[in-house]
Amino acid sequence: MTPADHKTILLVEDNGIIALEQKKILQKHGFNVLSAQNGPEAILIIDTFPEIHLILMDINLGGGMDGTEAARRILDRHDLPLLFLSSHTEQEVIENTEQITSYGYVVKNSGERVLIASIKMAFKLFEARTVAKEREKALQQSEHRFRTSVENMLDCYGIYSAVRDGDGLIIDFRVEYVNRAACENNRMAPEDQIGRNVSELFPAHKTAGLFRDYCNVVENGTILKKESHEYVDVFAGTLRAGLYDIQAVKLGDGFVLSWRDVTTRKKAEELLKESEEKFSRAFHHSPTVFAINSSKSERFIDVNLQFLEMTGYTREEVIGKTTGEIGLFPIPEDKNSVMKKIQDNGAARGVEVHLKRKDGKMISGLFGAQRVTIGGEECWLTMMENITDRKQIENELRKRTDELQAILDNIPVMIARFDQNGHIRWVNRLWEQTLGRFPDENCLNALAGADHQDNHEGQNAADPMDTFSGMWRSLKTRACDGRPLYLSWKKVPLSDGSTIAIGIDSTDHKLVEDILKDLLVDR
């Protein structure tokens, strides 16, 4: 022991001379020494100076509290090595001190070497005890963490020990521990399982082959793993069947077992697989063009037969490529329009785009896209309706319509189309130039208010189209500039209930006819 250790010892001795001699010895060996003459003083010093490392306690402290009582009170509140120092050698006294502390008992006048050796041994014992306590505390903490973790596992967990016969053969397994999940699965409280044999609790273990598997784990150290193992047994009086993932590992002369009821998950997986198969069939055989792209990389993950037929590519030429790599969008604005709608709304619908086939031909289509999650990856499910033929027909129809409009606008005949209710829906250019009332319904009112030069059988003049149906009739009205007009009209009914009215300006002819009549009258 060296002064550098700076250990402090509390010397409790009622005899001043003995206390002085012992103090000198202790200081000689590098110890700091504090002194107390009685029990209460020793307790006060210990409570006041926490830096004390050992107590050297006399048993006889005069009147009042003796050393054993003082030691007991001190050790109730402080964890310190305490060494008794006494002249008593009676067995009864020594045994009494052993009940208080186990750091040693030194008989006075045993000599300096014995005293110092006993002190050193007390320090070593205390250090060893401290290490043991820390290990025990760590073990308790570890056990607490383990138990807390296991008790709160979602999986079932149990520990089982082998039950052997006189020949050492395993005849059963005893339940040593089961966690909360296992109790819930087994529908039994821990006290109804722990200490009992597995074959008693779950007879089907032997018939299902699990008992043989467990024996193999214990005897050979193999690890047992079973997935979706079908197990049928009676749980709390009820016959239950389920699928379980099971794992067993050897532990001493027994094993640790963990298991999980996967019945619901397997059913869900089967339903999901069935749903995926239905989706795959619908996807690949749909008459609609479908494709799936990764939203992150934009690469094609899958395409259906209609996509390949429309674009002229093979699957090998498309899968793993982007639309840019195969040149599918020749007009960048088309793709940008689709992408903007997806970013703004999460989907795009009815966007007209132009695509380029492998052979270079252009395709027109209505494009749509929807964000979906497939296999945990965010993707776009894209679809397109090929409207190339429809666009060609529309363009051809527009061309023919323009041609017909040009013809109708340049023939010397007025033409108008009336709907089922007699309202004007379209007129040609000569109609506008002559009557100047397009598309106003007043034009029809003007016709209805005109003078009938040939009112057939007194028909109502307010319904001129009915009046003129099927034959030519004459009608007098006025142009937009106020001049009188003589018109010849004929109505042609169409299959949808609408009507085409054809009119000829016969004003000049009527004026010549009137002049000739006047000349004949004058003669």
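All of these numbers come straight from a predicted model, not from anything done at the bench.

Trainee: Can you tell me about the overall build of the chain, naming the residues and giving the values?
Mentor: In terms of regular secondary structure, the chain is built from 18 helices and 21 strands. Against the 2.2 N^0.38 benchmark of 24 Å for 523 residues, the chain shows a C-alpha radius of gyration of 55 Å, more extended than a compact globule. Projected onto its principal axes, the C-alpha coordinates of the chain cover approximately 185 × 65 × 50 Å. Among the 523 residues that make up the chain, the fraction classed as buried is 38%. Long-range contacts, defined as pairs at least 24 residues apart, comprise 45% of the intrachain contacts of the chain with a sequence gap of at least 6. Of the charged side chains in the chain, 66 are positive and 81 negative, and the gap between their average positions amounts to 4 Å.

Trainee: If you had to explain a nonpolar patch on the surface to someone new, which residues and values would you point to?
Mentor: On the surface, Val512, Ile515, Leu516 and Leu519 cluster together into a nonpolar patch covering about 380 Å² of accessible area. Relative to the elements of secondary structure, Leu516 occurs in helix α18 (residues 507-522).

Trainee: Could you give me a rundown of the sheet that holds strand β11 (residues 289-294), with the residues and numbers involved?
Mentor: Strand order across the open sheet formed by 5 strands is β12-β11-β15-β14-β13, with antiparallel pairing between neighbours. Each edge of the open sheet is held by one strand with a lone partner, namely β12 (300-303) and β13 (347-356). Averaged over neighbouring strand pairs, the angle between their axes works out to 30° when direction is ignored. Inspection of the sheet shows β13 paired to strand β14 (residues 362-374) by 8 bridges, in the antiparallel sense. Along β14, the bridge assignment pairs Ala347 with Gln370.

Trainee: Could you give an account of the side chain of Asp245, naming the residues involved and the relevant values?
Mentor: Position of Asp245 among the secondary structure elements: in strand β9 (residues 238-250). Of note is the side chain of Asp245, whose polar atom sits 3.5 Å from the side chain of Arg265. Once residues within four sequence positions are removed from consideration, Asp245 is found in contact with Lys226, Glu227, Ser228, Ser258, Trp259, Arg260, Val262 and Arg265.

Trainee: Let's hear about the layout of surface pockets: which residues, and what values?
Mentor: Taken as a whole, the largest pocket holds about 230 Å³ of empty space. Lining of the largest pocket is provided by 13 residues; of these, Gln22, Ile25, Lys108, Asn109 and Ser110 occupy positions nearest its centre. Counting only elements with at least two residues in the lining of the largest pocket, the list comes to α1 (16-28), β5 (105-107) and α5 (112-151). Looking at which element gives the most residues to the lining of the largest pocket, the answer is α1, with 4 residues. Here the residues of the lining of the largest pocket are counted per class, giving 6 nonpolar, 4 polar and 3 charged.

Trainee: Describe the packing of aromatic side chains, and please don't skip the residues or the numbers.
Mentor: Under the counting rule described, the total for this entry stands at 14 aromatic pairs. With a centroid separation of 5.0 Å and 85° between ring planes, the pair formed by Phe173 and Phe255 is classed as edge-to-face. Taken together, the positions of Phe173 in strand β7 (residues 170-178) and Phe255 in strand β10 (residues 254-261) put the pair 82 residues apart, joining distant regions of the chain. On the accessibility criterion, Phe255 (1% relative accessible area) is buried. Here the aromatic cluster, defined as three or more aromatic residues joined through ring pairs, consists of Tyr160, Phe173, Phe211, Tyr214 and Phe255. Its guanidinium or amino end placed over the ring of Phe123, Lys7 lies 5.3 Å from that ring's centre, counting from NZ or CZ. The cationic tip of Lys206 hangs over the ring face of Phe211; the distance from NZ or CZ to the ring centre is 4.7 Å.

Trainee: I'd like a rundown of the pairing of strand β19 (residues 473-478), residues and numbers included.
Mentor: Burial of the side chains of β19 is restricted to one face: Arg473, Leu475 and Thr477 are buried, whereas none of Ser474, Lys476 and Arg478 on the reverse face is. Across 6 bridges, the pairing between β19 and strand β20 (residues 484-493) is antiparallel. By the bridge assignment, Arg478 is partnered in β20 with Pro484. Hairpin connection of β19 to β20: 5 residues between the antiparallel strands, including Gly482 at a positive phi of 95°.

Trainee: Provide a residue-level description of the environment of Lys491, including the pertinent values.
Mentor: Tracing the backbone through its elements, the reader meets Lys491 in strand β20. It is 80 Å that separates the C-alpha atoms of Lys491 and Val262, two residues lying 229 residues apart in sequence.

Trainee: Hey, could you go over a negative patch on the surface for me, with residue numbers and the actual values?
Mentor: On the surface, a cluster of negative charge is made up of Glu90, Glu92, Glu95 and Glu98. Within the secondary structure, Glu90 sits in the loop between β4 (82-86) and α4 (91-98).

Trainee: Summarise helix α14 (residues 388-410); cite the residues concerned and give the values.
Mentor: Relative to the 33 Å expected for 23 residues at 1.5 Å per residue, α14 spans 33 Å between its end C-alpha atoms, a close match to the ideal helical length. Inspection of α14 places Thr388, Leu408 and Asp409 among the buried residues, and these make up the whole buried set. In this fold, the buried residues of α14 make contact with β14, β15 (377-386), β16 (414-418), β17 (424-427) and α15 (429-435).

Trainee: Describe unusual backbone geometry, and please don't skip the residues or the numbers.
Mentor: A positive phi angle, near 60°, is found at Arg187, a position not held by glycine. The class for Arg187 is partly exposed, based on a relative accessible area of 47%. One non-glycine residue, Ser228, adopts positive backbone phi at about 50°. With respect to the helices, strands and loops of the structure, Ser228 is situated in strand β8 (residues 224-235). For Ser228, a relative accessible area of 25% translates into the label partly exposed.

Trainee: A description of the packing of helix α2 (residues 39-48) against helix α3 (residues 67-77) should follow, citing residues and the corresponding values.
Mentor: Running from N to C, α2 and α3 cross one another at 20°; their axes reach a closest spacing of 9 Å. By the angle between their axes, α2 is roughly parallel relative to α3. Here α2 and α3 pass one another in a crossing that is right-handed. Here Gly39, Ala42, Ile43, Ile46 and Asp47 of α2 lie close against α3, whose contacting residues are Ala70, Arg73, Ile74 and Arg77. Classifying every residue of the contact of α2 with α3 gives 5 nonpolar, 1 polar and 3 charged.

Trainee: How would you summarise the pattern of salt bridges if you had to cite specific residues and measurements?
Mentor: Applying the stated criterion across every chain, the model contains 28 salt bridges. Between Glu13 and Lys108 there is a salt bridge; the shortest N-O distance is 2.9 Å. Of the two residues, Glu13 sits in the loop between β1 (8-12) and α1 while Lys108 sits in the loop between β5 and α5, which places them 95 residues apart along the sequence. This pair shows no difference in class: Glu13 is buried, exactly as Lys108 is. Shared partners join several salt bridges into a network, and the residues in it are Glu13, Asp58 and Lys108.

Procedures and definitions
Residues numbered from 1 in each chain as written. Predicted model: local features only at pLDDT ≥ 70, side-chain atom pairs only at ≥ 80, totals over all residues. Heavy atoms only, no water. Helix = DSSP H or I, 4+ residues; strand = E, 2+ residues; numbered from the N terminus. Rg over C-alpha atoms; globule rule 2.2 N^0.38 Å. Buried < 20%, exposed > 50% of the residue type's maximum accessible area, 1.4 Å probe, protein only. Contact = heavy atoms within 4.5 Å. Lys, Arg positive; Asp, Glu negative; His and termini not counted. Charge placed at Lys NZ, Arg CZ, Asp CG, Glu CD. Patch = residues over 30% accessible without salt bridge, like charges linked within 9 Å, V, L, I, M, F, W, Y side chains within 5 Å. Areas by Shrake-Rupley, 256 points an atom, 1.4 Å probe, with all protein chains shown as cover. Salt bridge = Lys/Arg side-chain N within 4 Å of Asp/Glu carboxyl O. Pairing = 2+ DSSP bridges. Axes fitted to C-alpha atoms, helices over the stretch in contact; angles between N-to-C directions. Polar contact = N/O pair within 3.5 Å; in protein donor to acceptor, adjacent residues only side chain to side chain. 1 Å grid on protein atoms, 1.4 Å probe; cavity = no way out; pocket = protein on both sides within 12 Å on 5 of 7 lines; lining within 4 Å. Points joined across faces, edges and corners; volume = space filled by probe spheres on them. Nonpolar A, V, L, I, M, F, W, Y, C, P; charged D, E, K, R; others polar. Phe/Tyr/Trp six-rings, centres within 6.5 Å; stacked < 30°, edge-to-face > 60°. Lys NZ or Arg CZ within 6 Å of the ring centre and 35° of its normal. Expected span 1.5 Å × (residues − 1). Parallel < 35°, antiparallel > 145°, perpendicular 65-115°, else oblique. Left-handed = near helix turned anticlockwise from the far one by under 90°.

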